[in-house]
Amino acid sequence: MNILVTGGAGYIGSHTCIALLEAGHKIIVADNLCNSKAETVDKIKQITNKEVTFYQIDVTDEKALDYVFSNHSIDGVIHFAGLKSVGESVEKPLEYYYNNLVATMVLCKACRNYGVKKFVFSSSATVYGDNRVPFEEAMKLLPTTNPYGETKTMIERILTDIAKVSQDWSVALLRYFNPVGAHESGLIGEAPNGVPNNLMPYITKVAKGELEKLYIFGDDYPTVDGTGVRDYIHVMDIAEGHVAALDKLTSGVHIYNLGTGEGTSVLQLVKTFEEVNNIEIPYEIVERRTGDIAICYADTSKAKKELGWTTKRGIVEMCRDSWAFKTNYKG
Ligand SMILES: NC(=O)c1ccc[n+]([C@@H]2O[C@H](COP(=O)([O-])OP(=O)(O)OC[C@H]3O[C@@H](n4cnc5c(N)ncnc54)[C@H](O)[C@@H]3O)[C@@H](O)[C@H]2O)c1
């Protein structure tokens with residue numbers, strides 16, 4: 001299939017491009033590079049030895065997107081393009097609502113105009129709010145406490161409503177848990193600018209001496225060691241989950257959790273990173289962070305049953321590959 005990948009130069013998008021190309025699909029990447037670099041597209045070509053068509057466009061720009069659709073016979077879209085920082089979304093709600101919602105609506109209109117009916121969307125476990133674990137797809141969604149999370153809930157609703165009246169649309173809403181790690185080549189991975197919001201990029205910056213120590217937000221949660229528990233998933237497993245979803249997509253809306261089904265505490269992740277890479281990570285326990293929940297992990301049985309997809313990589317590979325990318329990366 002010819003797949004349009006919005007946000008394909010970003011962290012999860014670039015790894016998914018590799019999985020798509022390796023599965024025999026052709027890809028067209030549309031990304032405005034607001035949080036990524038064009039050289040990542042070259043790395044995708046280098047790793048796979050395959051062609052990638054790239055458009056540096058903003059997905060909110062109707063004319064630019066129309067140009068892309070008119071130039072290619074697109075069979076399906078995977079929509080990663082969006083702003084993703086929880087903290088920044090609280091500071092800049094308008095930018096987040098505008099970018100994430102308008103990009104999705106413009107993309108849906110282009111799909112309608114050009115008869116594209118397969119749509120895979122990057123949602124997030126954040127839509128579950130503070131539900132009981134493990135999170136199941138059928139659960140009633142709870143408020144997310146931040147504009148970023150609300151955009152995910154709203155986009156899920158928009159796509160569900162469109163699919164209700166356009167019965168030949170096939171939509172997959174993929175709720176990612178905590179993607180970490182990097183492609184095993186060490187050529188692409190997560191490289192946020194400045195101080196990272198996520199744990200693994202923070203750990204690798206401390207490991208490299210770019211930050212002095214890791215701050216752990218709270219050690220008094222009702223968990224194994226008091227630190228927050230998350231379902232970390234290797235980014236290549238997430239990438240392969242997209243290929244599985246695309247291959248199995250049938251009409252209607254299908255929601256899948258992409259996680260491992262296992263929770264790991266912050267301290268467990270830090271200890272594994274230290275052991276796997278033989279590096280000490282200095283840390284300090286500080287106050288809890290507003291909006292953080294204690295425990296979050298997925299029920300993964302639906303994706304396993306319907307998509308035949310399960311994760312193949314564990315915490316050890318996540319720590320190894322994140323560090324390999326960090327030591328390799330010049331940026
Ligand atoms: N990384 C996570 O922990 C996580 C978890 C759950 C869901 N998600 C979602 O997955 C998607 C990809 O996340 P990521 O971690 O790869 O983020 P990322 O920032 O690395 O990738 C997003 C890409 O979209 C591009 N982009 C943003 N707005 C755009 C626009 N209007 N037009 C064109 N391009 C635009 C950026 O330049 C970037 O390359 C996002 O929608 C994010 O919300 C991420």
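For the structure itself, look to the data block above.
Residues numbered from 1 in each chain as written. Predicted model: local features only at pLDDT ≥ 70, side-chain atom pairs only at ≥ 80, totals over all residues. Heavy atoms only, no water.

1. A short note on the overall build of the chain
On a plain count of helices and strands, the chain comes out with 11 helices and 13 strands. Whereas a compact globule of 331 residues would reach a radius of gyration of roughly 20 Å, the chain reaches 19 Å, a difference of no more than 12%. In terms of its C-alpha atoms, the chain occupies a principal-axis envelope of roughly 55 × 45 × 40 Å. Buried positions account for 54% of the 331 residues belonging to the chain. Considering only contacts in the chain between residues 6 or more positions apart, those separated by 24 or more positions represent 79%. On the chain, roughly 14,800 Å² of surface is accessible, and the fraction owed to carbon and sulfur atoms is 48%. Side-chain charges in the chain split into 34 positive and 42 negative, and the spacing between the mean points of these groups amounts to 4 Å. (Helix = DSSP H or I, 4+ residues; strand = E, 2+ residues; numbered from the N terminus. Rg over C-alpha atoms; globule rule 2.2 N^0.38 Å. Buried < 20%, exposed > 50% of the residue type's maximum accessible area, 1.4 Å probe, protein only. Contact = heavy atoms within 4.5 Å. Areas by Shrake-Rupley, 256 points an atom, 1.4 Å probe, with all protein chains shown as cover. Lys, Arg positive; Asp, Glu negative; His and termini not counted. Charge placed at Lys NZ, Arg CZ, Asp CG, Glu CD.)

2. Concerning the site of the ligand
Around the ligand lies a shell of 26 residues, among which Ile-12, Asp-31, Asn-35, Ser-36 and Tyr-148 are the nearest. Between the ligand and Ser-36 there is a distance of 2.7 Å, counted from an oxygen atom to a side-chain nitrogen or oxygen. Backbone polar atom of Val-59 to a nitrogen atom of the ligand: 2.9 Å apart, as the coordinates give it. For the ligand, whose unbound accessible area comes to 820 Å², protein coverage reaches 96%. A total of 3 residues in the shell around the ligand trace back to one element, the largest contributor, which is strand β5 (residues 118-124). Classifying every residue of the shell around the ligand by side-chain character gives 12 nonpolar, 10 polar and 4 charged. (Near = heavy atom within 4 Å. Polar contact = N/O pair within 3.5 Å; in protein donor to acceptor, adjacent residues only side chain to side chain. Nonpolar A, V, L, I, M, F, W, Y, C, P; charged D, E, K, R; others polar.)

3. Some remarks on the pattern of salt bridges
Here the structure, examined in full by the defined rule, presents 18 salt bridges. Of the charged contacts, one joins Glu-88 and Lys-92 as a salt bridge, the two residues approaching to 3.8 Å between their closest N and O atoms. Among the residues examined, Glu-88 registers a relative accessible area of 34% and is labelled partly exposed. Between Lys-312 and Glu-240 there is a salt bridge whose closest N-O contact spans 3.1 Å. Note that Lys-312 is positioned in the loop between α10 (301-307) and α11 (315-328) and Glu-240 in helix α8 (residues 235-248), a separation of 72 residues in sequence. Several salt bridges converge on common partners, so that one network encompasses Asp-237, Glu-240, Lys-312 and Arg-313. (Salt bridge = Lys/Arg side-chain N within 4 Å of Asp/Glu carboxyl O.)

4. A few points about the pairing of strand β2 (residues 26-30)
Along β2, 4 of the 5 residues are buried, which leaves the element largely enclosed by surrounding structure. Of the strand pairs in this sheet, strand β1 (residues 2-6) and β2 are connected by 5 bridges, and their pairing is parallel. Across the sheet, Leu-4 pairs through a bridge with Ile-28, a residue of β2. In this fold, β1 hands off to helix α1 (residues 11-22), which returns the chain to β2; that crossover is right-handed. In this region the chain leaves β2, passes through helix α2 (residues 39-48) and returns to the parallel neighbour strand β3 (residues 53-55); the handedness of that crossover is right-handed. (Pairing = 2+ DSSP bridges. Right-handed = clockwise from strand over helix to strand, strands pointing away.)

5. Describing the nonpolar core
Most often, soluble globular proteins keep nonpolar side chains buried together rather than apart. Leu-20, Ile-27 and Leu-174 are the most contacted members of the largest nonpolar core, which has 38 residues in total. Sequence-distant contacts of Leu-20, defined by excluding residues within four places in its chain, comprise Ile-3, Val-5, His-25, Ile-27, Ile-78, Val-243 and Leu-246. With 30 residues, the next largest nonpolar core counts Leu-101, Cys-108, Phe-121 and Trp-169 among its residues. (Core = buried A, V, L, I, M, F, W, Y, C linked by side-chain atoms within 4.5 Å.)

6. Thoughts on the environment of Ile-315
You can see Ile-315 is positioned in helix α11. Between the alpha carbons of Ile-315 and Thr-60 there is a distance of 37 Å; along the sequence they are 255 residues apart. Residues in contact with Ile-315, not counting those within four places in the same chain, are Tyr-232, Thr-264, Leu-269 and Thr-272.

7. A closer look at the sheet that holds β5
With respect to topology, 7 strands assemble into an open sheet ordered β3-β2-β1-β4-β5-β6-β11, the strand pairing being parallel. Only two strands of the sheet have a single neighbouring strand rather than two, namely β3 and β11 (252-258). In this sheet, adjacent strand axes meet at a mean angle of 20° when their direction is disregarded. In the sheet, β1 pairs with strand β4 (residues 76-79) via 4 bridges, with the strands oriented parallel. In the sheet register, Thr-6 faces β4, and the bridge partner there is His-79. Across the face of the sheet, helix α6 (residues 147-165) comes into contact with β5, β6 (170-176) and β11 while running at roughly 155° to β5. (Axes fitted to C-alpha atoms, helices over the stretch in contact; angles between N-to-C directions.)

8. Focus on α1
One turn of the α-helix equals 3.6 residues, which is why residues spaced by three or four share an orientation. Relative to the 16 Å expected for 12 residues at 1.5 Å per residue, α1 spans 17 Å between its end C-alpha atoms, a close match to the ideal helical length. Taken across its 12 residues, α1 has 11 buried, putting it largely inside the fold. Taken together, the buried positions of α1 are Tyr-11, Ile-12, Gly-13, Ser-14, His-15, Thr-16, Cys-17, Ile-18, Ala-19, Leu-20 and Leu-21. One or two positions beyond α1, positive phi appears at Gly-24, with a value near 100°. (Expected span 1.5 Å × (residues − 1).)

So yeah, pure geometry; function would need other evidence.
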